[in-house]
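Architecture and fold: a report
Letter by letter, the chains look like this.
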Amino acid sequence: MAEKETFGEIRVDEPVSIVIFGASGDLAHRKLIPALYIAYAQDLLPSKFTIVGFARRDYDDATFRGMMTESVEEFSRIPVEDETVARFVEHIRYHRGDISTPAAYAELMEKFRDVETYPENRLYYLSVIPSLFETAVEFLKQSGLIASPGGSHWTRVVIEKPFGKDLESAETLNAGLLRHLDESQIYRIDHYLGKETVQNILSFRFANAIFEPVFNRGYVDHIQITAAETVGMESGRGGYYDEYGAIRDMVTNHLLQLLCLVTMEPPGDLSAEAIRNEKVKVLNAAKLDIRKDISDAVCRGQYGSGVDDNGQRIKSYCEEDRIDPNSQTESFVAMRLKIDNWRWAGVPIFLRTGKRMGKKGTEIAVQFKVPPLQLFQQVECEEDVCDITRIKPNTLIFRIQPDEGIFLKIGTKRPGMQFVVEDVNMDFSYSGKWNKSLPEAYERLLIDTLHGDSTLFTRSDEAEAEWRVVQPILDHFDKLKPYSYPPGEWGMPEADWLFHGVEGQWRNE
Ligand code: BG6
């Protein structure tokens, strides 16, 4: 067994059967199986567990185990030991079946009669297209594969975002799932919540006395949240992405979750319900900052073609595989929100995300107001033109990825005879403090589902509140035609207009 390189995670004791629907897909291959292997190698899984791969393809147990061995070898975060992988894959079985056919569930139920091999606590992971969520749950229920909550064995169902396509479909999906399951049995995964740096936002805010008193409209000028990616439509994602776009793919889940964590009120305790109640409250207060027209608050973009550093042509969004050549789907979006509550009234909040941007990086920047008296104005001269500049405001940056850490920009006197104030960083970086790789989001979230801890999962009212924030955009797509931006840039100049009346601009760092 590999030496336990954990951060003190708690082992799962209860035996469990983990059924992965869509087991031949990319998520199972790249994330789920490697995450389960890591949990196994670190001795976090119970002594009795079975993983069932459920998919349509014609494999047997041996072939499927071979494929899962390759997944582990290719994608494990920790070094892989042959002997440990061999023991791990012995826990894996394959169930061939069509998710939309009741017979496949009846056959699974037959197998499940052997409770020695298939423990009666069951986790169903629906790694399939959202339109199949309700079907799968309905057939599981009909076949007697879902235990009632509060009984001697538990059933939990994990679903992947997007949880709907708009507010109405999110409500329909929730109602459909709740016909067959109790809310406590549903685990809506937003993998951003499993990131170590994202969880640290709450500890940073509420475990330190010095920052929280200034997290409000009295001191904060504005907040910017950016999730920039350099990738385009690789790995055959075009079909899905063109139907959803950046707003549905990234904003109504990852970005709004970051917004919640940085702006919510302190919960009464750290229970899942207390934290999620606070998130719902702040989401209900968040609105697009529309003055006259929706275009004051939202800017959509789509990448055009370009040339990379090696002189190779980069395809435009519309030329990518499985994208409609006349598509109006956004690969970039920037928006300005406001939060109508006592703490944040009047503080603009900017969100931005896009594909094929200059640099991969996700961060939250809280920019504070400039000091009331400009005692330290300084003169900056370029050739014979001199400008008086104000000192820069403090900025607190939560760096979610890469170079994970927290940075505070402060003005400090540059050594020397003159009184010149320079911007420096006070920083905490994960790599400087802990010399081991951070657990991946799926490792943490899968273990949480096995422990029955839903703190880092989205509740149904929370998912609906997220859609409510963006619904005005979806209703006015016709007024928000995407602008073109060059690949490798930070979007397009039109997104700068969102900063009207604000002392600041996008941090393109
Ligand atoms: C996924 C989106 O949820 O998150 C992808 O569907 C996106 O489009 C990905 O690329 C980004 O995740 P991360 O962890 O790399 O920031």
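The structure under discussion appears in the preceding block.
Residues numbered from 1 in each chain as written. Predicted model: local features only at pLDDT ≥ 70, side-chain atom pairs only at ≥ 80, totals over all residues. Heavy atoms only, no water.

Description of the sheet that holds strand 3 (residues 92-96)
Sheet strands line up and pair through hydrogen bonds in the backbone, either parallel or antiparallel. The strand order across the open sheet built from seven strands is 3-2-1-4-5-6-20, with neighbouring strands paired in mixed fashion. Of all strands in the sheet, those bounded by a partner on one side alone are strand 3 and strand 20 (457-458). Alignment of strand 1 (residues 16-21) against strand 4 (residues 122-126), held across five bridges, turns out to be parallel. Residue pairing in the sheet places F21 in a bridge with L126 of strand 4. (Pairing = 2+ DSSP bridges. Helix = DSSP H or I, 4+ residues; strand = E, 2+ residues; numbered from the N terminus.)

What to know about the nonpolar core
Ranked by internal contacts, the top residues of the largest apolar core, which has 119 residues, are I20, F88, I364, V366 and F398. Per-element tally for this core: the top contributor is helix 8 (residues 238-263), with 12 residues. Membership of the second largest hydrophobic core comes to 30 residues, among which are F112, L126, L140 and L181. (Core = buried A, V, L, I, M, F, W, Y, C linked by side-chain atoms within 4.5 Å. Buried < 20%, exposed > 50% of the residue type's maximum accessible area, 1.4 Å probe, protein only.)

Side note on the pairing of strand 5 (residues 155-160)
Among the six residues in strand 5, six count as buried, and that is most of the element. Residues T155, V157 and I159 of strand 5 are buried on one face, and the alternating residues R156, V158 and E160, pointing to the opposite face, are buried as well. Bridge count between strand 4 and strand 5: five bridges; the pairing is parallel. By the bridge assignment for strand 5, L126 is matched with I159.

Concerning unusual backbone geometry
For the bond running from K161 to P162, omega is 0 degrees, close enough to zero to count as cis. Relative to the elements of secondary structure, P162 occurs in the loop between strand 5 and helix 6 (167-180). With omega at -20 degrees, the peptide bond leading from Q401 into P402 counts as cis. Position of P402 among the secondary structure elements: in the loop between strand 17 (395-401) and strand 18 (405-413). Within the chain, D43 stands out as a residue other than glycine whose phi angle is a positive 60 degrees. Its place among the elements puts D43 in the loop between helix 1 (26-41) and strand 2 (49-55). Although it is not a glycine, R322 adopts a positive phi angle of roughly 60 degrees.

A look at the environment of D13
Structurally, the position occupied by D13 is in the segment before strand 1. For the pair D13 and G504, spaced 491 residues apart in sequence, the C-alpha to C-alpha distance is 52 Å.

A closer look at helix 2 (residues 61-75)
Here helix 2 spans 21 Å end to end across 15 residues, near enough to the 21 Å set by a 1.5 Å rise per residue. On its buried side, helix 2 packs onto helix 1, strand 2, helix 3 (82-89) and strand 3. (Expected span 1.5 Å × (residues − 1). Contact = heavy atoms within 4.5 Å.)

So, the pattern of salt bridges
This model, assessed by the stated rule, comprises 34 salt bridges. E273 serves as the salt-bridge partner of R459, at 2.5 Å between the closest nitrogen and oxygen. With R459 in the loop between strand 20 and helix 12 (460-475) and E273 in helix 9 (residues 272-285), the pair connects residues that are 186 residues apart, well separated along the chain. Judged by relative accessible area, which is 9%, R459 ranks as buried. On the basis of relative accessible area, E273 is assigned to the partly exposed category, the value being 38%. Between E363 and R399 there is a salt bridge whose closest N-O contact spans 3.3 Å. Linking E363 in strand 14 (residues 361-368) with R399 in strand 17, this pair joins segments that are 36 residues apart in sequence. Among the ionic contacts, a cluster of salt bridges with common partners joins R205, E212, E265 and R343. (Salt bridge = Lys/Arg side-chain N within 4 Å of Asp/Glu carboxyl O.)

Looking at the site of the ligand
Around the ligand sit K161, H191, Y192, K195, E229, R237, D249, M250, H254, K355, K360 and Q401, and that is every residue in its neighbourhood. With respect to the ligand, the side chain of K161 contributes an N or O atom lying 2.7 Å from an oxygen atom. Between D249 and the ligand, the recorded distance is 2.6 Å, taken from a side-chain N or O atom to an oxygen atom. Starting from 390 Å² of accessible surface for the ligand in isolation, the protein chains cover 80%. Of the residues forming the shell around the ligand, the biggest block, three residues, is contributed by helix 8. Looking at the shell around the ligand residue by residue, the classes come out as two nonpolar, three polar and seven charged. (Near = heavy atom within 4 Å. Polar contact = N/O pair within 3.5 Å; in protein donor to acceptor, adjacent residues only side chain to side chain. Areas by Shrake-Rupley, 256 points an atom, 1.4 Å probe, with all protein chains shown as cover. Nonpolar A, V, L, I, M, F, W, Y, C, P; charged D, E, K, R; others polar.)

Section: the side chain of E160
With respect to the helices, strands and loops of the structure, E160 is situated in strand 5. Although E160 lies buried, it forms no salt bridge, and the closest oppositely charged side chain, K161, sits 6.3 Å away as judged by the N-O distance. Only 2.5 Å separates the side chain of E160 from the side chain of Y125, close enough to count as a polar contact. Of note is the side chain of E160, whose polar atom sits 3.0 Å from the side chain of Y442. Ignoring anything within four residues of it in the chain, the contact list for E160 reads L27, Y125, L126, F133, I189 and Y442. (Lys, Arg positive; Asp, Glu negative; His and termini not counted.)

Overview of the state of the cysteines
For the coordinates displayed, the defined rule picks out zero disulfides. The thiol sulfur of C299 is not disulfide-bonded, and the nearest other cysteine sulfur, from C318, lies at 17 Å. Since its relative accessible area comes to 4%, C299 is described here as buried. (Disulfide = S-S within 2.5 Å.)

Focus: the environment of V421
Assignment of secondary structure puts V421 in strand 19 (residues 421-429). Spatially, the C-alpha atom of V421 lies 5.7 Å from that of G411, the residues being 10 residues apart in sequence.

Considerations on the packing of helix 9 against helix 12
Look at helix 9 against helix 12: their axes get within 9 Å of each other, and the N-to-C directions meet at 15 degrees. Classified by the interaxial angle, the pair formed by helix 9 and helix 12 is roughly parallel. Considering only the axes of helix 9 and helix 12, their crossing is left-handed. Listed contacts from helix 12 to R276, K279, V280, L283 and N284 of helix 9 are D461, E462, A465, E466, R468 and V469. Looking at the contact of helix 9 with helix 12 residue by residue, the class counts come to four nonpolar, one polar and six charged. (Axes fitted to C-alpha atoms, helices over the stretch in contact; angles between N-to-C directions. Parallel < 35°, antiparallel > 145°, perpendicular 65-115°, else oblique. Left-handed = near helix turned anticlockwise from the far one by under 90°.)

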